[in-house]
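# Inside the fold
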Amino acid sequence: MTDQYLPVLLYILIAAVTVALILILNAIFGPKAKHRKDFPSKSTPFECGSDLLEENTRRVSIRYYLIALLFVLFDLEGILLYPWAVVARSLGSIAIIEIFIFLFFLVVAFIFAYKRKALDWR
Amino acid sequence: MDFNVIMYIFFGIVSIAGGVILVGAKHPIRGAMGLLTTMLALAAMYAQLHAHTIAVFQVIIYAGAVMVLIVYFIMLLDIKSEDYAKPFSKFFWFGAPLLLFAVFYFIFKLSMVIKSDGAFFATLNPSLVSPNAPEAFGGIKIFSKELLTKYLFAFEFVSTLLFAAIVAVIAIVQLDWKGKSNE
Amino acid sequence: MNFDPIFLIGEFSLVALIVILTLVDAMRKPVFALLGSSAEITPDIESRNRQATWIAGIGLVIVAAVYFIFGKATSGESVSLLHDSLRAGGGVYIGKLAIIGAGILTILLSARYTMAQSIPAADYYLLLCFSLLGALTLIAAENFLMIFLSLEMMSIPIYALVGLKRYNSRVGESAIKYLLLGGLSSAFLLLGISFIYGMTGTLVVNDVLTHLSQVSQTVSSEMLLMGLGLVFIFVGLAFKVSLVPFHAWTPDVYEGAATPVTSFMSVAVKLAAFAVILKIFAGSLLFPAFDPLFSRLFAFFALLTIIYGNSVAIVQKNVKRMLAYSSIAHAGYMALALAPMGHNIEAVQAVLFYGIGYIAMNMLAFGVLVYLTYRDKYCETLEDLTGIARKYPGAAAVMSVAMFSLGGLPPAVGFVGKVQIFLQLINGKFYATAVIALLFSMVALYFYINVIVVMYMKEPEAEVANIDKKSMLPVWLTLGFSTLFILILGILPSPLMEWSLEWAKMLF
């Protein structure tokens, strides 16, 4: 049964080998540092190589957090629709009632979020 | 030993290593990557146990949505390197060996009991899934069938729970609330 | 599907109330503007708050009435609903009424708090109703999945309720503390459930208990792993009822949260979590493999809790913090009766009796703190209480009743509860435990009596501030009801004993 995961394992192996190869080549040919302090960019949050445009010390709007949290919550709701879709036909008419009860609360919550301007970007 | 069992143990070790990286890393993104490792290794373990649906959910929800959330917050907070480069508290060097000792002592005790109680473990199936498990166990079809019949109330209850969580998030943020605290 | 909706009438009507409250608030315009609006400053927000308060208050009374009338039919025989998701009917009827009652008392206490502009009232009451819903399904839950989901349903809204006034840094601290430790406790609970599920292959509590009864008495890996699962479940629930050493969040959270929220979480959450502990452990204590271990475990933790809670409460200057430590100690008293509960149903009854009585006592104590609100600042410290008896004799009198009851003096309901618990301990031959616990409840009398002394016998340093008495009418309803409850059931405890026996029969 788990044989079907062999391609995934192969994929992981190829990825691991590629990464290891890049790192090894980098260590051989790249500049060498004794300490991390020699590369200040190594301790920036994303280590992306380019310098920060500005020191981000100002506070960001709480809306960013709100959007992210609502995304996760609605994502969960979406995930739970998937099992329903698989068996909806075999369960028959009761499945319609079940999913309407489920979606009813989702819709009420959505109306609440919408009317509170949680999805408004201004 | 079965190849599946070896892989199961391997992924178990990987997930613990990810957890150690998460706690030990002094760099938030590295910690997040450790967490991602743990989540993916857990998904692999679920797949080994034939819980395919749960494995997929683990990848979509945790490795997908929750990791996006965490990386996004690290980006927004932009913690300065000085803050996370702080050394561990001196209690760490006291507590960590104590914890390790407790864990190993427990494992040791458990293994002693298991040794003396071999009969019970002989009844367990050495492979990861019980031979009594139905065909297509852990697949999306059988999972959904159970979820929407046997655990129907829990399914509906989860939608109310998510509703509560949405209300809680919006209540904390208080977007269109002009009234400030009067203290 | 064998399912009679009458058994879940309380939950359904509460969900209907939640939906109505959400949709009415979503209209953003005062629908019931007629209900006593004095629209002067920011009419929009204030009238919306007023409206939400009214809807929540009246709605919850209707829910209670509907459940009281229609649920009565279900109080005879309990049935298992929806593939063993919930066990409804029977004695749970009493428990659900007690929890809805705690919700109504909380709404009465918070009416003034929410009618002001400082927080969105609709959100506040929605969260309160969600938490109530979680508590209702928690005490009725029949399998571990529902126990976990209901526990989350009960806790998540309270994390938000604690942090609702987030402009205050102390509030933020308490909310994040509660959230993190609550998450940790949920993780422990889940770990325990997965151990149990792994060993038994079932989530239904009764089936698990059947499996447990077959575990042999000798040390075996089966017993070890199941016992480990039970211990983790106990740890997860002990966080919720704040037993030492899982109490660390309690004082800070109780102090940081608004006083009405504190009163709700100190009674409803505690009662519901204790009902679950009883449901899982009252059965498993019957089995020889677990009885000695768990009896000793409960007795040990309960004693630790009583000693810690009562000794630390003595030095508190802040009444809310003192009540937090006293609530830790009371969790200890309830946990004391868990030790002998494997042997008799009366011990389970004693816990439930104490839990229901505790709703009234704590509501009364926190209600007085809400009543003594000076200039939008809650009465919190002993100084605020100093010498109030002359100016507010009523408040001082009911506070004394609460302190008598919490201290376990007659004729209050707390006395009867404590006597029952100690009787059970003696019946179960836990003599040393009983003596130590009794000693420390004597110690506890010091700080309860101290409040009365401060109120009656000390002169206030500054003049006692005036209270807006008119807005305190709902608070008086709570105070009056709780006082009557404490005194009547303190003198004639038999009805409450019968109710808690009914409930105990279902858990046992």
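Residues numbered from 1 in each chain as written. Chains lettered and ligands numbered in written order. Predicted model: local features only at pLDDT ≥ 70, side-chain atom pairs only at ≥ 80, totals over all residues.

### Digging into the overall build of chain A
Across its full length, chain A carries three helices and zero strands. Overall, chain A shows an N-to-C arrangement of helices and strands of α-α-α. For chain A, with 122 residues in total, the buried portion stands at 11%. (Helix = DSSP H or I, 4+ residues; strand = E, 2+ residues; numbered from the N terminus. Buried ≥ 20, exposed ≤ 12 C-beta atoms within 10 Å, placed from the backbone.)

### Comments concerning the overall build of chain B
In terms of regular secondary structure, chain B is built from eight helices and zero strands. Within chain B, counting contacts between residues at least 6 apart in sequence, those at least 24 apart form 55% of the total. (Contact = placed C-beta atoms within 7 Å.)

### Quick word on the packing of helix α2 (residues 62–91) of chain A against helix α7 (residues 140–149) of chain B
Between α2(A) and α7(B), whose axes approach to 8 Å, the crossing angle comes to 75 degrees. As far as their axial angle goes, α7(B) and α2(A) are roughly perpendicular. Of α7(B), the residues touching α2(A) (which contributes Pro83(A), Trp84(A), Val86(A), Val87(A) and Leu91(A)) are Ile140(B), Lys141(B), Phe143(B), Ser144(B), Lys145(B), Leu147(B) and Leu148(B). (Axes fitted to C-alpha atoms, helices over the stretch in contact; angles between N-to-C directions. Parallel < 35°, antiparallel > 145°, perpendicular 65-115°, else oblique.)

### Focus: helix α18 (residues 473–491) of chain C
If you check α18(C), its first and last C-alpha atoms are 27 Å apart, about what 19 residues at 1.5 Å a residue would give, namely 27 Å. Buried residues along α18(C) sit in contact with α3 (92–115), α13 (345–371), α15 (393–407), α16 (413–427) and α19 (494–507) of chain C. (Expected span 1.5 Å × (residues − 1).)

### Focus on the environment of Ala43(B)
All names here are of chain B. Locating Ala43 in the fold gives a position in helix α2 (residues 28–48). Each C-alpha atom, one on Ala43 and one on Lys90, is 35 Å from the other, the two residues being 47 residues apart in sequence. Those residues in contact with Ala43 that lie beyond four places of it in its chain are Ala55, Gln58, Val59 and Ala63.

### Looking at the interface of chain A and chain B
Between chain A and chain B, the contact holds 40 residues from the first and 42 residues from the second. Mapped by element, the contributors of at least two residues to the side of chain A that touches chain B are α2 and α3 (93–115) of chain A. Element by element, the count of residues in the side of chain A that touches chain B is highest for α2(A), at 19 residues. Its residues assigned to classes, the side of chain A that touches chain B comprises 32 nonpolar, three polar and five charged. (Nonpolar A, V, L, I, M, F, W, Y, C, P; charged D, E, K, R; others polar.)

### Remarks on unusual backbone geometry
Residues Val244(C) and Pro245(C) are joined by a peptide bond in cis, for which omega reads 5 degrees. You can see Pro245(C) is positioned in the loop between α8 (221–241) and α9 (250–256). Omega for the bond connecting Pro410(C) with Pro411(C) falls within 30 degrees of zero, at 5 degrees, which places this linkage in the cis form. One non-glycine residue, His50(B), lies in the positive phi region at around 65 degrees. Tracing the backbone through its elements, the reader meets His50(B) in the loop between α2 and α3 (52–77). Residue classification places His50(B) among the buried positions, given that 20 C-beta atoms sit within 10 Å.

### Let's talk about α3(A)
Compared with an ideal rise of 1.5 Å per residue, which puts 23 residues at 33 Å, α3(A) spans 33 Å between its outermost C-alpha atoms and is within 8% of the ideal. Those residues of α3(A) that sit buried are Ile99(A), Phe102(A), Phe105(A), Val108(A), Ala109(A), Phe112(A) and Ala113(A). Buried residues belonging to α3(A) abut α2 of chain A, α8 (152–173) of chain B together with α1 (9–26) of chain C. Just downstream of α3(A) lies Lys117(A), where phi reads positive at about 60 degrees.

### Considering the environment of Ala313(C)
Residues and elements named next belong to chain C. Considering the arrangement of structural elements, one finds Ala313 in helix α11 (residues 291–314). Overall, Ala313 belongs to the buried group, with 23 C-beta atoms counted inside 10 Å. Along the backbone, Ala313 and Gly394 are 81 residues apart, and their C-alpha atoms lie at a distance of 25 Å.

### Comments concerning the nonpolar core
One finds Ile166(B) and Ala272(C) to be the most contacted residues of the largest nonpolar core, which totals 233 residues. At 20 residues, the largest contribution of residues to this core is made by α13(C). (Core = buried A, V, L, I, M, F, W, Y, C linked by C-beta atoms within 7 Å.)

### Considerations on the packing of α11(C) against helix α12 (residues 319–336) of chain C
All names here are of chain C. Where α11 contacts α12, the axes come no closer than 8 Å and their chain directions differ by 155 degrees. Considered as vectors, α11 and α12 are oriented roughly antiparallel to each other. The two elements α11 and α12 cross, and the hand of that crossing is left-handed. Contact residues: Phe298, Phe301, Ala302, Thr305, Ile306, Tyr308, Gly309, Asn310, Val312 and Ala313 in α11; Met322, Tyr325, Ser326, Ile328, Ala329, Ala331, Gly332, Tyr333, Ala335 and Leu336 in α12. A breakdown of the residues in the contact of α11 with α12 according to their chemical character gives 15 nonpolar, five polar and no charged. (Left-handed = near helix turned anticlockwise from the far one by under 90°.)

### Side note on the confidence of the model for chain A
Here chain A shows a mean pLDDT of 81. Residues at 70 or above account for 76%. In the model of chain A, α2(A) stands out as the element of lowest mean pLDDT, 87, in contrast to helix α1 (residues 6–29) of chain A, which has the highest, 90. (pLDDT = per-residue confidence, 0-100.)

### So, the environment of Leu108(C)
All names here are of chain C. With respect to the element layout, Leu108 can be found in helix α3. The exposure class of Leu108 is buried, given the 24 C-beta atoms found within 10 Å. Residues Leu108 and Gly57, 51 residues apart in the sequence, show an inter-C-alpha distance of 7.3 Å. Once residues within four sequence positions are removed from consideration, Leu108 is found in contact with Pro474, Val475, Leu477 and Thr478.

### A few points about the confidence of the model for chain B
All names here are of chain B. Mean pLDDT over chain B works out to 80, with 79% of the residues at or above the 70 mark. Looking across chain B, the model is least confident in helix α4 (residues 81–84), with a mean pLDDT of 60, and most confident in α8, with 91. Low confidence marks residues 179–183, where pLDDT is under 50. Its contacts with residues over four positions away, or in another chain, come to eleven contacts. Interface confidence for the predicted complex, expressed as ipTM, amounts to 0.89; the pTM equals 0.90.

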